[in-house]
Amino acid sequence: MRLLFDPESEVTDEEGTTAVGVADQPPHQEEEGDAFDATRDTLIRLVAEYWHEQQESAASDQLIDTIDEFTLIHILEYRHHGTVDGRLALWRQEHVRAVLLEWLPRHVTVLPDEAAEHDAPAAVAALVDFLAAAGVLDPRSDDPGRLRTLAKELRSAHEEAMQDPRFMGPAKFWMLTAARNGIDVRNERALDRFLADARAGRVPYDEEQLAQVMENQFTGFFGRALDTGAGPVGRSLLQERALPLPVVVLGDEEELRRTAAGSGLLGQLDEVARWLGTEGRPVTKTGRLKVADALALARHLGTDRGRGEAAGPLIHLAGDTWENIRRADQLPMLRLLVDWARQARLIRVYRGRLVAVAGARAVREDPLALAVRALTAFPELRDPLLMGPAWDVPSDLYPRFDLLLTDVLATLYGMPAAMPWPLLWQSVRDSYLGDDGWFATPEARQGSHRRSAAELYAVIDLLAEVGMVTFERGTPAALFHESLRDLNEPEHPEPADASVLSDDSDGSEDLAVRDDVELVRLTELGTYAVRALLTSLDRSAPAVGDLRDADAPTLCAALLDEYDPASARAELAEWIAARGGWNSARPAFTEALRRTRLHSRRHALLRLLAEELPDGHGPEFLRTLRYEEELRPSALFMAQAQAAAAALSAQGSAGRDAADAAARADEDLDDREIALTVAESLLLMRETGGEEALLEQVGHSSGDAAAFATMLDVALASGHPDQAGLERLSRIDVAALRRRAARLGRLRADAARRHKSGGTRKRKKRR
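Owing to the predicted nature of the structure, the values given are computational and were not obtained by experimental measurement.

J.: Give me the packing of aromatic side chains: which residues, what numbers.
T.: Within a pair of aromatic rings, the relevant descriptors are the distance that separates the centres and the angle that separates the planes. Following the criterion strictly, the structure yields 10 aromatic pairs and no others. Aromatic pair W575 and F589: ring centres 5.1 Å apart, planes at 50°, arrangement tilted. Taken together, the residues W575 in helix α23 (residues 565-578) and F589 in helix α24 (residues 582-595) connect sequence positions 14 residues apart. Since its relative accessible area comes to 1%, W575 is described here as buried.

J.: Explain the sheet that holds strand β4 (residues 419-420) residue by residue, including any values.
T.: Pairing is antiparallel across the open sheet formed by three strands, whose spatial order is β4-β6-β5. Edge positions in the sheet fall to β4 and β5 (469-474), since each of these pairs with one other strand and no more. Taken together, the six bridges between β5 and strand β6 (residues 517-522) define a ladder with antiparallel strand orientation. Bridge pairing in β6 places G474 opposite V517.

J.: Could you give an account of helix α31 (residues 723-730), with specific residues and numbers?
T.: Residues of α31 that are buried include every one of G725, L726, R728 and L729, and no others. In a view along the axis of α31, the buried residues occupy a sector of 155°, so they form one face of it.

J.: Summarise the pairing of strand β3 (residues 353-356); cite the residues concerned and give the values.
T.: Sheet analysis places strand β1 (residues 281-282) next to β3, joined by two bridges and oriented antiparallel. Residue R281 lies in a different strand from β3, and its bridge partner there is L354. Bridge count for strand β2 (residues 347-350) against β3 is four bridges, and the pairing is antiparallel. Within the sheet, the bridge partner assigned to I347 lies in β3 and is A356. Linking β2 to β3, which pair antiparallel, is a turn of two residues; within it R351 sits at a positive phi near 50°.

J.: Mind laying out the packing of α23 against helix α25 (residues 599-612), listing which residues take part and the relevant values?
T.: Packing of α23 against α25 brings their axes to within 10 Å, and their N-to-C directions diverge by 75°. In terms of axis orientation, α23 runs roughly perpendicular to α25. Contacts between α23 and α25 involve P565, A568, R569 and L572 from the former and L608, L609 and E612 from the latter.

J.: A description of the environment of A478 should follow, citing residues and the corresponding values.
T.: If you trace the backbone, A478 turns up in the loop between β5 and α20 (481-485). Between the C-alpha atom of A478 and that of A417, which follows or precedes it by 61 residues, the distance is 9.5 Å.

J.: So what's going on with the confidence of the model for the chain? Which residues, and what values?
T.: Looking at the chain as a whole, the pLDDT averages 82, with 79% of positions reaching at least 70. Per-element averaging of pLDDT across the chain places helix α28 (residues 658-665) at the bottom with 49 and helix α15 (residues 367-377) at the top with 98. Taken as a whole, residues 221-227 scores under 50 in pLDDT and shows eight contacts with residues more than four places along the chain or in a different chain. Below a pLDDT of 50 lies the segment residues 496-510, which in the model reaches 21 contacts outside its immediate sequence neighbourhood of four places, other chains included.

J.: Which residues make up the side chain of T590, and what values do they have?
T.: Relative to the elements of secondary structure, T590 occurs in helix α24. Judged by its relative accessible area of 9%, T590 is buried. Residue contacts for T590: discarding those within four places in its chain leaves F621, L625, E628 and L631.

J.: How would you sum up the nonpolar core? Please name residues and give values.
T.: If you look at the biggest cluster of nonpolar residues, it comprises 93 residues, and the most contacted ones within it are V272, W340, L346, F378, L385 and L456. With nine residues, the single largest contributor to this core is helix α19 (residues 442-466). Among residues more than four places away in sequence, those in contact with V272 are L297, L301, L337, V338, A341 and I347. In this structure, A126, F130, L150 and A151 belong to the second largest nonpolar core, which totals 41 residues.

J.: Give a description of unusual backbone geometry that names residues and reports values.
T.: A positive phi angle, near 60°, is found at R345, a position not held by glycine. With respect to the secondary-structure elements, R345 resides in the loop between α13 (332-343) and β2. For D538, which is not glycine, the phi dihedral falls at a positive 70°. As for its placement among the helices and strands, D538 is situated in the loop between α21 (524-536) and α22 (552-562). Judged by relative accessible area, D538 falls into the exposed class, the value being 53%.

Procedures and definitions
- Residues numbered from 1 in each chain as written.
- Predicted model: local features only at pLDDT ≥ 70, side-chain atom pairs only at ≥ 80, totals over all residues.
- Heavy atoms only, no water.
- Phe/Tyr/Trp six-rings, centres within 6.5 Å; stacked < 30°, edge-to-face > 60°.
- Helix = DSSP H or I, 4+ residues; strand = E, 2+ residues; numbered from the N terminus.
- Buried < 20%, exposed > 50% of the residue type's maximum accessible area, 1.4 Å probe, protein only.
- Pairing = 2+ DSSP bridges.
- Arc of directions from axis to C-beta.
- Axes fitted to C-alpha atoms, helices over the stretch in contact; angles between N-to-C directions.
- Parallel < 35°, antiparallel > 145°, perpendicular 65-115°, else oblique.
- Contact = heavy atoms within 4.5 Å.
- pLDDT = per-residue confidence, 0-100.
- Core = buried A, V, L, I, M, F, W, Y, C linked by side-chain atoms within 4.5 Å.

The following block contains the structure:
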């Protein structure tokens, strides 16, 4: 995930691929966390500054207090951690509802006497206002005015949610209870005395509410989803942050359609609906076909053949037996096909009859659309896949099968090479089967894991029959070697079929150097269908060509936040071609840059265009921007940075003084252009680091306050188009830099004297 002020912060491995894992955190998590913290702090400072300036320019009777930065922190934490995509600049109405009605009530405790200080709706409005004014609000966001209005409308509901016991933990409950009883909760001793009195039954509290709080803790501890009632149909408004997905190139749809048309399983799903027809067949009270109809359909489909040996441990799917059948559930292969067709919305129960859905005829007639429907419904089939007619021991995969399988498919999605099965299974085991160690012996746990691995293999093999997955044996790609060496083989079995359940091998051989490891990957049809599944779950799954019809601001935002350089180059080429060529497309890019008023974001976009525009248009575009008054400083600064980087590269030594290279890059600039570049660099440093960072950076590089003051004078007289930014620079306290420089000078001199004397001088004690 790329952050607003750091377009290079996406976490990738050395091969440039998206980090491998099913539900694990990406590698280098600390670095990504640090990048978010820096972005969050910068954004909070800029929002607060913008808010203050807006209030200063407002009428005196409209002045209100400074925006609450504490609440802003939690709002940005929500957008980064409590949403699927984590995009800080994309805001829709559902995000406003989620942060006000659930995230803040869950994560923030506001005492009764502090309510006026923490105006969350105003903080949401301020953030949206700033993003819109800075030109970085994602174009895919809802209208800023509507977002502000919604935040205001939700004020009462937000205040009620902040007191809702469903969102409380014990600490928040007792803090609020103590405050309501007049206790100063900031006084630790007073709070301890209150809690002791509460345990002794000497103070009143809401016992029913506490019971609700403790129930929430219990359900949360065991990983069950809490039905908060805040969202639609009582569901939670929050979503789990997902790993970013790579950009893919989709196969030709006609070729994919021909592949799907050759799938026997997809043909059977179509045949279920065709056999039922719009008249349908009667069902029992449980919604199953009656025995006679079930047997007739089973014979029509040939479910006695089933999966055969490929069923593995899912023996109920090996093939139906048509003798002594008393109810439809005794035909498990038929049940799978019928349930699959129902989940795919090809058939449904209507007025006591199981009928074909008339509106799904177009889907059934298009093999590619049918494949997408089938794959999207597949994670919901845990009952027919895992339970069978009568399981003595339920599958360990059953409790969270839908999430597990979706994560497996998301892991395979866009992989540059086939993934070793042991590594894929390790991710599943660690993410979904880790807690059984509390209740099982190592031997029992190993046996359970072997069975689960074989079951998952058999489930994925069903998708292989549809043509969406392939299994093959071979040498793993180099990018997987290190992870494979870290595997503990006995804990990570590699089942190719059901025979692993009785395998006595300890599997101690080195997988990374073997040439017969089981490898799994999605086919082009699988990639197409999995992408549809992920987008149905609100995951961002970009593909080259998606943005062909988008406007330029949407294109630029998506390229910065979601695309790697090669994919961005391909997307730009398609976008330009769709508009008739570069000359027709260029004005749109210029306008997109003009609308982006945040210096750091504009520089990121300008760098992207300069480096990735096809057919050599990038450098030429950068040169033409020197004649656009509003964009001229950014273009000059970028050109100078590129020239300096090229000079350093040509020198072959990264340690050579960069100032010499920058000086050579300055030779083509006149005095005003140099002044504009100085101003742009100061504005950029102040924007991303604040005045303190600016003083520190410039003071350190220039050596003294006088040099910085000269730079500041040059910038203020440059005529830079960002007049508001120049006004902020004019308010910088240069004297502070002088005092800091003097203080540092004394410290350095003192250190030099100590070094020269060979030790630390002892100070005389004061009397």
